[in-house]
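# Observations on chain architecture
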Amino acid sequence: MKLKDSINYALKKVTRNKKNIYFIIILMICTTTITGALYYRKTFLDSINYTITKTLQARSVIIIDTRENYDYSAISNIDHIEEMYNFNYHHAYATSNSFKNDKYTGSITLKYGSEKMLPKNITGKKITSNDTGVAICPKYFYPSDSNKINYFDSNLFLTSDDILNKTLSISKRKETLINEERVEIGIYTKNFKIIGTYDPLETEDKLDTCYISPQDMIEIYNETKAALNTSMHTPMYLIVDDVKNVKKVSNELVKAGYIVDSVFLLNSNVINNIKYISNIILIVATFSIIILTILYVDKRHKNNQQKIGTLMSLGFKNKDIKTIDLIETLWITLFSYLLGLAFTGGILVIINIVFRNYLIHNYLIINHSIVPYLIAFIAIVIIPLITGYFYTYKSSNKKIITIIKEEN
């Protein structure tokens, strides 16, 4: 029997048997389950890995000297420390009068913008050590609280073209302590020229965050908040050159008598739970496929015993029968796999649309990968083929008289 005839005959068997259709639907659901679990695992682990390897948070350390005796020279001589500054200068909240209107509340987060702290990819100019009165803001700028932002509204954001070379005027309350109570004593104002923009997805900053020079951050703090700081133990903010060296630097600082705290607290339970959930889903789905395939193929062969006996009596060789049955299984699994992939793709599109706000706000990006599809292909196509071949080989090697007796 020619291979072409075997393929056509097997295809007819698939489409004419309702049980095959049911099995295709089951395998399609398994395909969606497997690829979905793998995408769930990849998306969340990629986000965590990006934070660890690409952003400053994972290589930032806060230290406190209870002796209030920071030895700046000794600290700066510790290997792998790139930046050190007073934690009070790290960020400040202000209101932008130039971007306050019916559309925006004008709330702005200002951030310490030394050369080591700036985003890597900037459109326009960077802030240099001698600059003052300049700022670098997000290329999708939203000068308001972004916790409940609607990312669907493309007209909601100010783009690079809208803000480059524009003036960012800010105002902030000047406060002091009188009888241990905070009292406003005036308003501090300052203008900044926006000389560059950056992608907030790369830094995981909020969309209202603008970087300004260290001199300006120190000035803002001294003018507005310094009088409120009565603490004897001011924290220092340190940036390490690589996340791999954070532990080493922290140990050196502890030996020197400092209290050390990491900015980025990696919860290993979160990672373990993500892996655990995805692994359980994969194991259950794979074993379900194996069991369902065994039951299905076994039932199919029992129902087809007479047909197998007839084919054998007509002179069909075992090789021909195996080929027909194997191709039938291949058609079923391929249909299931392709339908499952199409269904998974549809679900991913829906998730990207419906949960877009949540995904972007939490810096979760669903990137396509070949790995989920390869694993699903092995589970949905390869495993049933191997199982189907085993049962086909077992049945087709029976003697004709045995098959006929079993049928009777």
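This report concerns the structure included in the present document. All figures in this text were calculated on a predicted structure; none of them were measured in a lab. (Residues numbered from 1 in each chain as written. Predicted model: local features only at pLDDT ≥ 70, side-chain atom pairs only at ≥ 80, totals over all residues. Heavy atoms only, no water.)

Glancing now at the sheet that holds strand β2 (residues 81–86). Pairing in this open sheet of four strands is antiparallel, and the strands run β2-β10-β1-β11 from one edge to the other. Among the strands making up the open sheet, the edge pair consists of β2 and β11 (259–262). Looking at each pair of strands side by side, their axes are set apart by 25° on average, direction ignored. Looking at chain direction, strand β1 (residues 60–64) and β11 are connected through four bridges and run antiparallel. Note on β11: the bridge partner recorded for Ile 62 is Asp 261. (Pairing = 2+ DSSP bridges. Helix = DSSP H or I, 4+ residues; strand = E, 2+ residues; numbered from the N terminus. Axes fitted to C-alpha atoms, helices over the stretch in contact; angles between N-to-C directions.)

Its location among the elements puts Ser 369 in the loop between α11 (356–361) and α12 (370–396). Residue Ser 369 is classed as buried on the basis of its relative accessible area of 15%. Apart from the residues within four sequence positions on either side, Ser 369 is in contact with Tyr 39 and Lys 42. (Buried < 20%, exposed > 50% of the residue type's maximum accessible area, 1.4 Å probe, protein only. Contact = heavy atoms within 4.5 Å.)

Throughout the structure, instances matching the rule amount to one disulfide. Here Cys 137 is linked by a disulfide to Cys 210, with a sulfur-sulfur distance of 2.2 Å. Residues Cys 137 and Cys 210 share a disulfide whose torsion about the S-S bond is about 115°; that sign makes it right-handed. Of this pair, Cys 137 sits in strand β6 (residues 134–138) while Cys 210 sits in strand β9 (residues 209–212), placing them 73 residues apart in sequence. Cys 210 shares its class with Cys 137; the two are buried. (Disulfide = S-S within 2.5 Å.)

This paragraph deals with the nonpolar core. Among the nonpolar cores identified, the biggest contains 33 residues, and Leu 110, Cys 137, Phe 141, Leu 168, Ile 170 and Ile 220 are the most heavily contacted of them. Secondary-structure elements contributing two or more residues to this core are β3 (91–96), β4 (107–112), β6, β7 (167–178), β8 (181–198), β9, α6 (214–224) and β10 (236–240). Residue contacts for Leu 110: discarding those within four places in its chain leaves His 90, His 91, Ala 92, Ala 94, Ile 170, Cys 210, Ile 212, Met 217 and Ile 220. One finds Leu 27, Cys 30, Ile 34 and Ala 285 within the second-largest nonpolar core, a separate group that totals 18 residues. (Core = buried A, V, L, I, M, F, W, Y, C linked by side-chain atoms within 4.5 Å.)

The subject of this paragraph is the packing of aromatic side chains. The tally for this structure, following the rule as stated, stands at 15 aromatic pairs. Put simply, the rings of Tyr 85, Phe 87, Tyr 112 and Tyr 237 touch in pairs and so form one group of aromatic residues. Lying across the ring of Phe 192, Lys 190 places its NZ or CZ 6.0 Å from the centre. (Phe/Tyr/Trp six-rings, centres within 6.5 Å; stacked < 30°, edge-to-face > 60°. Lys NZ or Arg CZ within 6 Å of the ring centre and 35° of its normal.)

Of all five residues in β10, five are buried, a share of seventy percent or more. Taking every second residue as pointing to the same face, both faces of β10 are buried, with Met 236, Leu 238 and Val 240 on one and Tyr 237 and Ile 239 on the other. Pairing between β1 and β10: four bridges, direction antiparallel. What sits directly across from Val 61, in β10, is Leu 238. Alignment of β2 against β10, held across five bridges, turns out to be antiparallel.

To continue, consider the environment of Leu 118. Within the secondary structure, Leu 118 is located in the loop between β4 and β5 (122–124). In this structure the C-alpha to C-alpha distance between Leu 118 and Leu 56, which are 62 residues apart in sequence, comes to 9.6 Å. If near-sequence neighbours (up to four positions away) are discounted, Leu 118 is found in contact with Gly 113, Lys 126, Ile 127, Ile 136 and Tyr 211.

What follows concerns the environment of Ile 108. Checked against the element boundaries, Ile 108 lands in strand β4. Classification of Ile 108 by relative accessible area gives buried; the value is 1%.

This paragraph deals with a negative patch on the surface. Taken together, the side chains of Asp 79, Asp 241, Asp 242 and Glu 252 define an acidic patch exposed on the protein surface. Here Asp 241 lies in the loop between β10 and α7 (246–255). (Patch = residues over 30% accessible without salt bridge, like charges linked within 9 Å, V, L, I, M, F, W, Y side chains within 5 Å. Areas by Shrake-Rupley, 256 points an atom, 1.4 Å probe, with all protein chains shown as cover. Salt bridge = Lys/Arg side-chain N within 4 Å of Asp/Glu carboxyl O. Lys, Arg positive; Asp, Glu negative; His and termini not counted. Charge placed at Lys NZ, Arg CZ, Asp CG, Glu CD.)

So, about the pattern of salt bridges. Enumeration over the complete set of coordinates arrives at eleven salt bridges. We note a salt bridge from Asp 46 to Lys 42, for which the minimum N-O separation is 2.7 Å. Here Asp 46 and its partner Lys 42 are both found in helix α2 (residues 18–54), four residues apart, which amounts to about one turn of the helix. Residue classification places Asp 46 among the partly exposed residues on the basis of a relative accessible area of 31%.

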